[in-house]
Amino acid sequence: MVTPKVLTRLPSMRERVEETLAAHRNDIVSLLSRYVDQGKGILQPHHLVDELEKMICDDDTCRQKLADGPFGQILNWAQEGIILPPYVAFAVRPRPGVWEFLRLNDAASEISAELQGVPDLLIGNYSDGNLVASLLSNKLGVTQCNIAHALEKTKYPDSDLYWKKFDEKYHFSCQFTADLLAMNNADFIITSTYQEIAGTKNTVGQYENHAAFTLPGLYRVVHGIDVFDPKFNIVSPGADMTIYFSYAEKEKRLTSLHATIEKLLYDPEQNDVHVGNISDPSKPMIFSMARLDHVKNITGLVECYAKNSKLRELANLVVVAGYNDVKKSSDREEISEIEKMHNLMKEYKLDGQMRWISAQTNRARNGELYRYIADGRGIFVQPAFYEAFGLTVVEAMTCGLPTFATCHGGPAEIIEDGVSGFHLDPYHPEKMSTAMVDFFQKCNQDKSYWLKISEGGLKRIQEKYTWKIYAERLMTLAGVYSFWKYVSKLERRETRRYLEMFYILKFRELVKSVPLSVDDEP
(Lines give C-alpha, C1' and ligand atoms only; values in the text may rest on other atoms or scores of the structure.)
Protein backbone atom coordinates (compact mmCIF):
# COMPACT_ATOMS: atom_id res chain seq x y z
CA MET A 1 0.00 0.00 0.00
CA VAL A 2 1.40 3.37 -1.03
CA THR A 3 1.51 5.94 1.72
CA PRO A 4 -0.10 9.18 0.52
CA LYS A 5 2.16 12.17 0.43
CA VAL A 6 1.42 14.76 3.08
CA LEU A 7 2.18 18.40 2.47
CA THR A 8 3.99 19.96 5.40
CA ARG A 9 4.73 23.59 6.09
CA LEU A 10 8.39 24.53 5.72
CA PRO A 11 9.81 26.96 8.29
CA SER A 12 9.65 30.55 7.08
CA MET A 13 12.80 32.52 6.39
CA ARG A 14 12.20 34.52 9.57
CA GLU A 15 11.84 31.37 11.67
CA ARG A 16 14.97 29.79 10.19
CA VAL A 17 17.01 32.94 10.72
CA GLU A 18 15.81 33.45 14.29
CA GLU A 19 16.48 29.83 15.25
CA THR A 20 19.94 29.85 13.69
CA LEU A 21 21.00 33.13 15.21
CA ALA A 22 19.72 32.09 18.64
CA ALA A 23 21.93 29.01 18.43
CA HIS A 24 24.99 31.08 17.42
CA ARG A 25 24.84 34.02 19.77
CA ASN A 26 28.52 33.82 20.75
CA ASP A 27 29.50 33.72 17.08
CA ILE A 28 27.45 36.86 16.43
CA VAL A 29 29.22 38.63 19.30
CA SER A 30 32.61 37.69 17.86
CA LEU A 31 31.54 38.63 14.34
CA LEU A 32 30.29 42.13 15.14
CA SER A 33 32.24 43.13 18.26
CA ARG A 34 34.80 45.21 16.35
CA TYR A 35 32.10 47.16 14.52
CA VAL A 36 29.99 47.66 17.64
CA ASP A 37 33.02 49.16 19.41
CA GLN A 38 33.43 51.57 16.50
CA GLY A 39 29.72 52.39 16.48
CA LYS A 40 29.42 51.66 12.73
CA GLY A 41 25.97 52.01 11.20
CA ILE A 42 25.51 49.82 8.10
CA LEU A 43 27.55 46.79 7.00
CA GLN A 44 27.37 45.53 3.42
CA PRO A 45 27.30 41.77 2.67
CA HIS A 46 31.04 41.65 1.90
CA HIS A 47 31.80 43.16 5.33
CA LEU A 48 29.86 40.36 7.01
CA VAL A 49 31.61 37.67 4.98
CA ASP A 50 35.04 39.25 5.64
CA GLU A 51 34.37 39.28 9.38
CA LEU A 52 33.36 35.63 9.25
CA GLU A 53 36.74 34.80 7.70
CA LYS A 54 38.57 36.71 10.44
CA MET A 55 36.72 35.03 13.29
CA ILE A 56 38.97 33.06 15.61
CA CYS A 57 38.26 29.33 15.72
CA ASP A 58 40.20 26.46 17.19
CA ASP A 59 41.07 25.06 13.78
CA ASP A 60 40.30 25.31 10.07
CA THR A 61 37.73 22.50 10.29
CA CYS A 62 35.72 24.51 12.84
CA ARG A 63 35.86 27.63 10.67
CA GLN A 64 34.79 25.71 7.57
CA LYS A 65 31.93 24.03 9.45
CA LEU A 66 30.71 27.43 10.60
CA ALA A 67 30.95 28.94 7.11
CA ASP A 68 29.19 26.04 5.39
CA GLY A 69 26.51 25.64 8.05
CA PRO A 70 23.27 27.55 8.62
CA PHE A 71 25.09 30.50 10.20
CA GLY A 72 27.24 31.01 7.13
CA GLN A 73 24.18 30.70 4.89
CA ILE A 74 22.41 33.41 6.89
CA LEU A 75 25.34 35.76 6.38
CA ASN A 76 25.30 35.08 2.66
CA TRP A 77 21.55 35.78 2.53
CA ALA A 78 21.92 39.01 4.48
CA GLN A 79 21.53 42.15 2.41
CA GLU A 80 23.06 44.30 5.13
CA GLY A 81 23.78 44.47 8.83
CA ILE A 82 22.57 47.42 10.90
CA ILE A 83 24.53 48.42 14.00
CA LEU A 84 23.05 51.12 16.22
CA PRO A 85 24.48 50.39 19.66
CA PRO A 86 23.20 48.71 21.74
CA TYR A 87 21.03 47.17 18.98
CA VAL A 88 22.06 44.98 16.06
CA ALA A 89 19.85 43.79 13.20
CA PHE A 90 20.23 41.81 9.98
CA ALA A 91 18.24 42.53 6.83
CA VAL A 92 17.36 39.34 4.94
CA ARG A 93 15.47 38.90 1.66
CA PRO A 94 13.09 35.93 1.83
CA ARG A 95 12.00 36.51 -1.77
CA PRO A 96 12.81 39.07 -4.50
CA GLY A 97 11.60 42.53 -3.62
CA VAL A 98 10.81 41.71 0.05
CA TRP A 99 13.15 42.56 2.91
CA GLU A 100 12.77 41.69 6.57
CA PHE A 101 14.76 43.23 9.40
CA LEU A 102 15.46 40.92 12.33
CA ARG A 103 16.76 42.49 15.53
CA LEU A 104 19.21 40.12 17.15
CA ASN A 105 19.69 41.46 20.63
CA ASP A 106 16.18 42.18 21.86
CA ALA A 107 15.28 41.44 25.48
CA ALA A 108 14.01 37.94 24.73
CA SER A 109 17.23 36.81 23.08
CA GLU A 110 19.34 38.48 25.78
CA ILE A 111 17.40 36.69 28.52
CA SER A 112 17.65 33.34 26.70
CA ALA A 113 21.39 33.81 26.24
CA GLU A 114 21.94 34.81 29.86
CA LEU A 115 19.98 31.80 31.17
CA GLN A 116 21.25 29.51 28.39
CA GLY A 117 17.64 28.63 27.63
CA VAL A 118 14.18 30.06 28.07
CA PRO A 119 12.91 30.72 31.63
CA ASP A 120 10.10 28.63 33.12
CA LEU A 121 8.25 31.63 34.60
CA LEU A 122 8.05 35.37 33.98
CA ILE A 123 6.76 37.63 36.76
CA GLY A 124 5.74 41.22 36.04
CA ASN A 125 5.22 43.93 38.64
CA TYR A 126 3.26 47.18 38.24
CA SER A 127 1.82 48.40 34.94
CA ASP A 128 5.05 48.74 32.95
CA GLY A 129 6.63 45.54 34.25
CA ASN A 130 3.47 43.54 33.58
CA LEU A 131 3.27 44.78 29.99
CA VAL A 132 6.92 43.85 29.36
CA ALA A 133 6.27 40.42 30.90
CA SER A 134 3.28 39.99 28.56
CA LEU A 135 5.33 40.79 25.45
CA LEU A 136 8.20 38.55 26.53
CA SER A 137 5.96 35.62 27.51
CA ASN A 138 4.31 35.72 24.09
CA LYS A 139 7.68 35.69 22.35
CA LEU A 140 9.27 33.04 24.56
CA GLY A 141 6.12 30.94 25.03
CA VAL A 142 6.48 30.74 28.81
CA THR A 143 4.09 31.10 31.74
CA GLN A 144 3.38 34.66 32.83
CA CYS A 145 2.45 35.84 36.33
CA ASN A 146 1.16 39.37 37.02
CA ILE A 147 1.53 41.28 40.28
CA ALA A 148 -0.25 44.62 39.95
CA HIS A 149 1.24 46.09 43.13
CA ALA A 150 -1.27 48.95 42.75
CA LEU A 151 -3.79 49.69 40.03
CA GLU A 152 -3.93 53.48 39.87
CA LYS A 153 -7.49 53.60 38.53
CA THR A 154 -8.85 52.80 41.99
CA LYS A 155 -6.71 55.40 43.74
CA TYR A 156 -7.96 58.33 41.69
CA PRO A 157 -11.79 58.48 41.52
CA ASP A 158 -13.18 59.38 38.07
CA SER A 159 -9.69 59.14 36.54
CA ASP A 160 -11.29 57.32 33.59
CA LEU A 161 -14.02 59.90 32.87
CA TYR A 162 -11.61 62.82 33.24
CA TRP A 163 -8.54 61.12 31.81
CA LYS A 164 -7.74 64.07 29.52
CA LYS A 165 -7.43 66.34 32.55
CA PHE A 166 -4.81 64.09 34.18
CA ASP A 167 -3.09 62.65 31.13
CA GLU A 168 -0.26 65.14 30.83
CA LYS A 169 0.97 64.30 34.34
CA TYR A 170 -0.16 60.72 34.95
CA HIS A 171 -0.69 59.27 31.43
CA PHE A 172 -3.70 57.33 32.67
CA SER A 173 -4.93 56.48 29.15
CA CYS A 174 -1.67 54.65 28.47
CA GLN A 175 -1.48 53.05 31.91
CA PHE A 176 -5.07 51.77 31.93
CA THR A 177 -4.56 50.30 28.45
CA ALA A 178 -1.34 48.58 29.54
CA ASP A 179 -3.12 47.19 32.61
CA LEU A 180 -5.95 45.76 30.48
CA LEU A 181 -3.50 44.12 28.08
CA ALA A 182 -1.35 42.62 30.84
CA MET A 183 -4.11 41.32 33.12
CA ASN A 184 -5.89 39.59 30.23
CA ASN A 185 -2.67 38.17 28.80
CA ALA A 186 -1.43 36.75 32.13
CA ASP A 187 -1.65 33.03 32.81
CA PHE A 188 -2.20 33.77 36.48
CA ILE A 189 -2.46 36.84 38.70
CA ILE A 190 -1.26 37.21 42.28
CA THR A 191 -2.89 39.72 44.61
CA SER A 192 -2.05 40.53 48.20
CA THR A 193 -5.65 40.64 49.45
CA TYR A 194 -9.16 39.61 48.43
CA GLN A 195 -10.38 43.22 48.24
CA GLU A 196 -7.75 43.84 45.54
CA ILE A 197 -9.77 41.52 43.31
CA ALA A 198 -13.41 42.06 44.22
CA GLY A 199 -13.49 44.76 46.91
CA THR A 200 -15.85 44.67 49.87
CA LYS A 201 -19.61 45.06 50.32
CA ASN A 202 -19.09 48.83 50.30
CA THR A 203 -16.19 49.25 47.85
CA VAL A 204 -15.21 48.15 44.36
CA GLY A 205 -12.07 45.98 43.98
CA GLN A 206 -9.02 47.14 42.04
CA TYR A 207 -9.48 44.54 39.31
CA GLU A 208 -13.27 44.75 39.47
CA ASN A 209 -12.87 48.46 38.68
CA HIS A 210 -11.56 47.45 35.24
CA ALA A 211 -14.58 45.30 34.33
CA ALA A 212 -16.43 48.15 32.58
CA PHE A 213 -15.43 51.79 32.15
CA THR A 214 -15.12 54.51 29.53
CA LEU A 215 -12.31 56.80 28.47
CA PRO A 216 -14.44 59.41 26.62
CA GLY A 217 -13.22 60.04 23.11
CA LEU A 218 -10.80 57.10 23.26
CA TYR A 219 -12.59 53.79 23.86
CA ARG A 220 -15.20 52.05 25.97
CA VAL A 221 -14.58 48.84 27.91
CA VAL A 222 -17.57 46.51 28.25
CA HIS A 223 -15.77 43.39 29.51
CA GLY A 224 -12.32 44.38 30.72
CA ILE A 225 -11.66 41.53 33.16
CA ASP A 226 -13.55 38.66 34.75
CA VAL A 227 -12.90 38.77 38.50
CA PHE A 228 -14.30 35.23 38.80
CA ASP A 229 -11.60 33.89 36.47
CA PRO A 230 -9.64 31.11 38.24
CA LYS A 231 -6.41 32.84 37.24
CA PHE A 232 -6.77 35.06 40.37
CA ASN A 233 -4.90 34.00 43.53
CA ILE A 234 -4.24 35.62 46.89
CA VAL A 235 -0.62 35.34 48.01
CA SER A 236 0.34 37.98 50.55
CA PRO A 237 3.95 39.18 50.85
CA GLY A 238 5.87 39.53 54.09
CA ALA A 239 8.63 41.69 55.55
CA ASP A 240 12.35 40.91 55.41
CA MET A 241 12.85 39.01 58.69
CA THR A 242 16.55 39.88 58.75
CA ILE A 243 15.65 43.57 59.04
CA TYR A 244 12.18 43.55 60.60
CA PHE A 245 11.93 41.36 63.71
CA SER A 246 10.41 41.66 67.18
CA TYR A 247 11.65 44.30 69.62
CA ALA A 248 11.82 41.48 72.19
CA GLU A 249 14.66 39.66 70.33
CA LYS A 250 17.33 41.53 72.28
CA GLU A 251 20.28 39.54 70.94
CA LYS A 252 19.48 40.67 67.36
CA ARG A 253 18.83 44.33 68.16
CA LEU A 254 20.97 46.95 66.40
CA THR A 255 21.75 48.94 69.52
CA SER A 256 24.68 50.66 67.79
CA LEU A 257 22.10 52.65 65.80
CA HIS A 258 20.33 54.02 68.89
CA ALA A 259 22.51 57.14 69.07
CA THR A 260 21.65 58.00 65.46
CA ILE A 261 17.95 57.29 66.05
CA GLU A 262 17.89 59.46 69.19
CA LYS A 263 19.50 62.28 67.23
CA LEU A 264 16.79 61.95 64.55
CA LEU A 265 14.09 62.10 67.23
CA TYR A 266 15.43 64.58 69.76
CA ASP A 267 18.17 66.76 68.23
CA PRO A 268 16.95 70.37 68.79
CA GLU A 269 18.53 71.60 65.53
CA GLN A 270 15.97 72.44 62.83
CA ASN A 271 17.19 71.51 59.35
CA ASP A 272 16.16 69.75 56.14
CA VAL A 273 16.29 66.35 57.93
CA HIS A 274 14.03 67.12 60.88
CA VAL A 275 11.78 69.91 62.14
CA GLY A 276 9.75 70.21 65.34
CA ASN A 277 10.77 69.06 68.81
CA ILE A 278 9.81 66.46 71.40
CA SER A 279 9.95 68.15 74.83
CA ASP A 280 8.75 65.14 76.86
CA PRO A 281 10.49 61.94 75.66
CA SER A 282 8.86 59.90 78.44
CA LYS A 283 5.51 59.88 76.63
CA PRO A 284 4.86 57.06 74.11
CA MET A 285 5.02 57.95 70.42
CA ILE A 286 2.46 57.79 67.65
CA PHE A 287 4.63 56.86 64.68
CA SER A 288 3.85 56.97 60.95
CA MET A 289 6.01 56.53 57.86
CA ALA A 290 4.87 56.99 54.25
CA ARG A 291 5.22 59.05 51.10
CA LEU A 292 4.02 62.62 51.47
CA ASP A 293 1.09 62.65 49.06
CA HIS A 294 -2.65 63.19 49.39
CA VAL A 295 -3.63 59.49 49.31
CA LYS A 296 -1.29 58.58 52.20
CA ASN A 297 -3.05 61.23 54.33
CA ILE A 298 -0.10 62.06 56.60
CA THR A 299 -1.31 65.65 56.95
CA GLY A 300 -4.72 64.24 57.90
CA LEU A 301 -3.09 62.32 60.76
CA VAL A 302 -1.28 65.46 61.93
CA GLU A 303 -4.52 67.47 61.90
CA CYS A 304 -6.39 64.67 63.68
CA TYR A 305 -3.70 64.61 66.41
CA ALA A 306 -3.54 68.41 66.66
CA LYS A 307 -7.28 68.79 67.27
CA ASN A 308 -7.47 66.24 70.13
CA SER A 309 -6.03 67.79 73.31
CA LYS A 310 -6.34 64.53 75.26
CA LEU A 311 -4.30 62.63 72.63
CA ARG A 312 -1.63 65.35 72.69
CA GLU A 313 -1.48 64.99 76.46
CA LEU A 314 -1.05 61.20 76.27
CA ALA A 315 1.45 60.82 73.39
CA ASN A 316 3.93 62.53 71.07
CA LEU A 317 3.67 62.38 67.26
CA VAL A 318 6.56 61.37 64.96
CA VAL A 319 6.14 61.21 61.18
CA VAL A 320 8.71 60.20 58.57
CA ALA A 321 7.53 61.53 55.22
CA GLY A 322 8.86 63.25 52.10
CA TYR A 323 10.83 66.50 52.25
CA ASN A 324 10.26 69.32 54.70
CA ASP A 325 11.59 71.91 52.25
CA VAL A 326 9.41 72.77 49.23
CA LYS A 327 12.52 73.73 47.23
CA LYS A 328 13.63 70.07 47.25
CA SER A 329 10.45 68.72 45.66
CA SER A 330 9.39 68.99 42.02
CA ASP A 331 6.03 67.25 42.55
CA ARG A 332 3.08 69.64 42.80
CA GLU A 333 1.08 67.30 45.04
CA GLU A 334 3.97 66.82 47.45
CA ILE A 335 4.67 70.58 47.52
CA SER A 336 1.04 71.18 48.50
CA GLU A 337 1.31 68.61 51.33
CA ILE A 338 4.61 70.12 52.57
CA GLU A 339 3.02 73.56 52.78
CA LYS A 340 -0.04 72.12 54.54
CA MET A 341 2.17 70.30 57.09
CA HIS A 342 4.08 73.48 57.98
CA ASN A 343 0.81 75.41 58.31
CA LEU A 344 -0.66 72.77 60.65
CA MET A 345 2.43 72.75 62.87
CA LYS A 346 2.28 76.53 63.12
CA GLU A 347 -1.50 76.86 63.52
CA TYR A 348 -1.81 74.26 66.30
CA LYS A 349 1.54 75.07 67.96
CA LEU A 350 2.76 71.48 67.72
CA ASP A 351 6.40 72.25 68.51
CA GLY A 352 7.32 70.25 71.61
CA GLN A 353 4.86 67.46 70.79
CA MET A 354 5.65 66.60 67.16
CA ARG A 355 8.73 65.66 65.14
CA TRP A 356 8.70 65.64 61.32
CA ILE A 357 11.59 63.66 59.84
CA SER A 358 12.34 63.65 56.10
CA ALA A 359 12.07 60.33 54.21
CA GLN A 360 14.65 57.76 55.36
CA THR A 361 16.07 55.13 53.00
CA ASN A 362 18.27 53.18 55.44
CA ARG A 363 16.14 50.03 55.86
CA ALA A 364 18.19 48.60 58.72
CA ARG A 365 17.83 51.84 60.69
CA ASN A 366 14.12 52.04 59.86
CA GLY A 367 13.67 48.53 61.25
CA GLU A 368 15.39 49.50 64.48
CA LEU A 369 13.32 52.71 64.59
CA TYR A 370 10.12 50.62 64.69
CA ARG A 371 11.59 48.64 67.59
CA TYR A 372 12.80 51.78 69.39
CA ILE A 373 9.25 53.17 69.25
CA ALA A 374 7.99 49.81 70.59
CA ASP A 375 10.46 50.04 73.52
CA GLY A 376 8.65 53.21 74.60
CA ARG A 377 5.24 51.48 74.27
CA GLY A 378 4.28 53.54 71.22
CA ILE A 379 2.05 52.68 68.25
CA PHE A 380 2.24 52.75 64.46
CA VAL A 381 -0.50 54.51 62.46
CA GLN A 382 -1.20 54.08 58.74
CA PRO A 383 -3.92 56.67 57.94
CA ALA A 384 -4.17 56.39 54.12
CA PHE A 385 -7.44 57.10 52.34
CA TYR A 386 -6.71 53.92 50.39
CA GLU A 387 -3.88 51.39 50.65
CA ALA A 388 -3.59 48.54 48.16
CA PHE A 389 -1.72 46.29 50.60
CA GLY A 390 0.20 48.04 53.36
CA LEU A 391 3.79 46.82 53.61
CA THR A 392 4.61 49.29 56.40
CA VAL A 393 1.72 47.76 58.35
CA VAL A 394 3.34 44.32 58.03
CA GLU A 395 6.77 45.75 58.92
CA ALA A 396 5.45 47.45 62.07
CA MET A 397 3.54 44.35 63.21
CA THR A 398 6.60 42.17 62.53
CA CYS A 399 8.56 44.43 64.89
CA GLY A 400 5.88 43.98 67.57
CA LEU A 401 4.51 47.53 67.31
CA PRO A 402 0.71 47.77 67.90
CA THR A 403 -0.73 49.05 64.63
CA PHE A 404 -3.68 51.26 63.70
CA ALA A 405 -4.38 51.24 59.96
CA THR A 406 -6.92 52.35 57.39
CA CYS A 407 -9.99 50.20 56.86
CA HIS A 408 -9.92 51.06 53.14
CA GLY A 409 -7.80 48.50 51.34
CA GLY A 410 -5.37 45.74 52.28
CA PRO A 411 -4.83 46.60 55.97
CA ALA A 412 -8.47 45.71 56.66
CA GLU A 413 -7.52 42.08 55.89
CA ILE A 414 -4.07 42.15 57.49
CA ILE A 415 -5.37 43.35 60.87
CA GLU A 416 -8.04 41.61 62.92
CA ASP A 417 -9.67 44.61 64.56
CA GLY A 418 -9.13 44.63 68.32
CA VAL A 419 -7.06 41.43 68.21
CA SER A 420 -3.89 42.06 66.18
CA GLY A 421 -4.34 45.81 65.76
CA PHE A 422 -7.07 48.33 65.00
CA HIS A 423 -8.94 49.61 61.95
CA LEU A 424 -9.24 53.35 61.37
CA ASP A 425 -11.53 55.27 59.01
CA PRO A 426 -9.56 58.25 57.65
CA TYR A 427 -12.80 59.88 56.55
CA HIS A 428 -13.79 60.21 60.23
CA PRO A 429 -10.72 61.79 61.91
CA GLU A 430 -12.52 62.37 65.23
CA LYS A 431 -13.11 58.62 65.58
CA MET A 432 -9.46 58.01 64.65
CA SER A 433 -8.16 60.17 67.48
CA THR A 434 -10.71 58.75 69.93
CA ALA A 435 -9.57 55.18 69.13
CA MET A 436 -5.96 56.12 69.89
CA VAL A 437 -6.94 57.89 73.12
CA ASP A 438 -8.88 54.80 74.23
CA PHE A 439 -5.87 52.59 73.53
CA PHE A 440 -3.40 54.70 75.52
CA GLN A 441 -5.84 55.04 78.43
CA LYS A 442 -6.35 51.25 78.53
CA CYS A 443 -2.57 50.78 78.49
CA ASN A 444 -2.22 53.16 81.45
CA GLN A 445 -4.89 51.22 83.36
CA ASP A 446 -3.61 47.76 82.37
CA LYS A 447 0.08 47.49 81.52
CA SER A 448 -0.47 44.09 79.85
CA TYR A 449 -2.91 45.51 77.26
CA TRP A 450 -0.13 46.93 75.04
CA LEU A 451 1.65 43.55 75.22
CA LYS A 452 -1.55 41.70 74.30
CA ILE A 453 -2.05 43.69 71.05
CA SER A 454 1.66 43.48 70.24
CA GLU A 455 1.69 39.69 70.58
CA GLY A 456 -1.55 39.44 68.60
CA GLY A 457 0.13 41.28 65.73
CA LEU A 458 3.21 39.06 65.82
CA LYS A 459 1.03 35.93 65.80
CA ARG A 460 -0.93 37.20 62.80
CA ILE A 461 2.28 37.84 60.84
CA GLN A 462 3.70 34.37 61.53
CA GLU A 463 0.48 32.73 60.40
CA LYS A 464 -0.03 34.58 57.11
CA TYR A 465 2.58 37.18 56.15
CA THR A 466 6.05 35.69 55.69
CA TRP A 467 8.17 35.29 52.57
CA LYS A 468 8.53 31.56 53.24
CA ILE A 469 4.76 31.09 52.88
CA TYR A 470 4.80 33.37 49.83
CA ALA A 471 7.58 31.44 48.04
CA GLU A 472 5.97 28.04 48.65
CA ARG A 473 2.60 29.18 47.28
CA LEU A 474 4.17 30.91 44.27
CA MET A 475 6.09 27.80 43.25
CA THR A 476 2.97 25.66 43.58
CA LEU A 477 0.94 28.06 41.44
CA ALA A 478 3.69 28.26 38.80
CA GLY A 479 3.54 24.48 38.34
CA VAL A 480 -0.27 24.36 38.20
CA TYR A 481 -0.67 27.19 35.70
CA SER A 482 2.22 26.05 33.50
CA PHE A 483 0.40 22.75 33.05
CA TRP A 484 -2.88 24.57 32.45
CA LYS A 485 -1.23 26.80 29.83
CA TYR A 486 0.03 23.71 28.04
CA VAL A 487 -3.35 21.94 27.87
CA SER A 488 -5.46 25.04 27.09
CA LYS A 489 -3.27 26.63 24.43
CA LEU A 490 -5.84 26.42 21.64
CA GLU A 491 -8.64 27.86 23.75
CA ARG A 492 -6.66 31.04 24.42
CA ARG A 493 -5.46 31.71 20.89
CA GLU A 494 -8.42 33.94 19.95
CA THR A 495 -7.92 36.10 23.05
CA ARG A 496 -4.24 36.50 22.24
CA ARG A 497 -4.98 37.62 18.69
CA TYR A 498 -7.44 40.23 19.96
CA LEU A 499 -4.93 41.53 22.51
CA GLU A 500 -2.24 41.77 19.83
CA MET A 501 -4.60 43.82 17.66
CA PHE A 502 -5.48 46.12 20.58
CA TYR A 503 -1.80 46.56 21.39
CA ILE A 504 -0.85 47.48 17.81
CA LEU A 505 -3.82 49.69 16.95
CA LYS A 506 -4.31 51.49 20.26
CA PHE A 507 -1.42 51.19 22.72
CA ARG A 508 1.42 51.94 20.30
CA GLU A 509 -0.14 55.32 19.51
CA LEU A 510 -0.91 56.16 23.13
CA VAL A 511 2.60 55.38 24.35
CA LYS A 512 4.10 58.00 22.03
CA SER A 513 2.81 60.67 24.44
CA VAL A 514 4.81 59.26 27.36
CA PRO A 515 8.25 60.92 27.70
CA LEU A 516 11.28 58.67 27.82
CA SER A 517 12.93 58.16 31.18
CA VAL A 518 16.28 59.92 31.41
CA ASP A 519 18.92 59.96 34.10
CA ASP A 520 19.17 63.16 36.11
CA GLU A 521 22.08 65.33 35.14
CA PRO A 522 24.89 65.41 37.73
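Scroll up to find the structure.
Rules used throughout
Residues numbered from 1 in each chain as written. Predicted model: local features only at pLDDT ≥ 70, side-chain atom pairs only at ≥ 80, totals over all residues. Heavy atoms only, no water. Helix = DSSP H or I, 4+ residues; strand = E, 2+ residues; numbered from the N terminus. Buried < 20%, exposed > 50% of the residue type's maximum accessible area, 1.4 Å probe, protein only. Contact = heavy atoms within 4.5 Å. Areas by Shrake-Rupley, 256 points an atom, 1.4 Å probe, with all protein chains shown as cover. Axes fitted to C-alpha atoms, helices over the stretch in contact; angles between N-to-C directions. Parallel < 35°, antiparallel > 145°, perpendicular 65-115°, else oblique. Left-handed = near helix turned anticlockwise from the far one by under 90°. Nonpolar A, V, L, I, M, F, W, Y, C, P; charged D, E, K, R; others polar. Polar contact = N/O pair within 3.5 Å; in protein donor to acceptor, adjacent residues only side chain to side chain.

(A) Region of interest: the overall build of the protein chain. Within the protein chain one finds 22 helices and 17 strands. Scored against the burial criterion, the 522 residues of the protein chain give a buried share of 49%. Taking the contacts inside the protein chain whose residues are at least 6 apart along the sequence as the reference set, 67% of them involve residues at least 24 apart. Within the structure as shown, the protein chain displays about 27,700 Å² of accessible surface, and the carbon and sulfur contribution to it stands at 55%.

(B) Quick peek at the packing of helix α7 (residues 126-140) against helix α10 (residues 172-185). Their axes nearest at 8 Å, the elements α7 and α10 cross at an angle of 45°. Classified by the interaxial angle, the pair formed by α7 and α10 is oblique. When you trace α7 past α10, the crossing you get is left-handed. Taken together, the residues of α10 that come into contact with α7 (itself represented by Tyr 126, Ser 127, Asn 130, Leu 131, Ser 134, Ser 137 and Asn 138) are Gln 175, Ala 178, Asp 179, Leu 181, Ala 182 and Asn 185. Partitioning the contact of α7 with α10 into residue classes produces 5 nonpolar, 7 polar and 1 charged.

(C) How the structure looks around unusual backbone geometry. The phi dihedral of Lys 349 is positive, around 50°, even though this residue is not glycine. Considering the arrangement of structural elements, one finds Lys 349 in the loop between α15 (332-347) and β14 (354-357). Given the relative accessible area of 66%, Lys 349 is considered exposed. If you check the backbone angles, Arg 377 has positive phi at about 60° while not being a glycine. Checked against the element boundaries, Arg 377 lands in the loop between α16 (363-375) and β15 (379-382).

(D) View of the side chain of Ser 127. Position of Ser 127 among the secondary structure elements: in helix α7. Among the polar contacts listed, one links the side chain of Ser 127 to the side chain of Gln 175, at a separation of 3.0 Å. Within polar-contact distance, the side chain of Ser 127 engages the side chain of Asp 179 at 2.7 Å. Ignoring sequence-local partners within four residues, the contact set of Ser 127 consists of Gln 175, Ala 178 and Asp 179.

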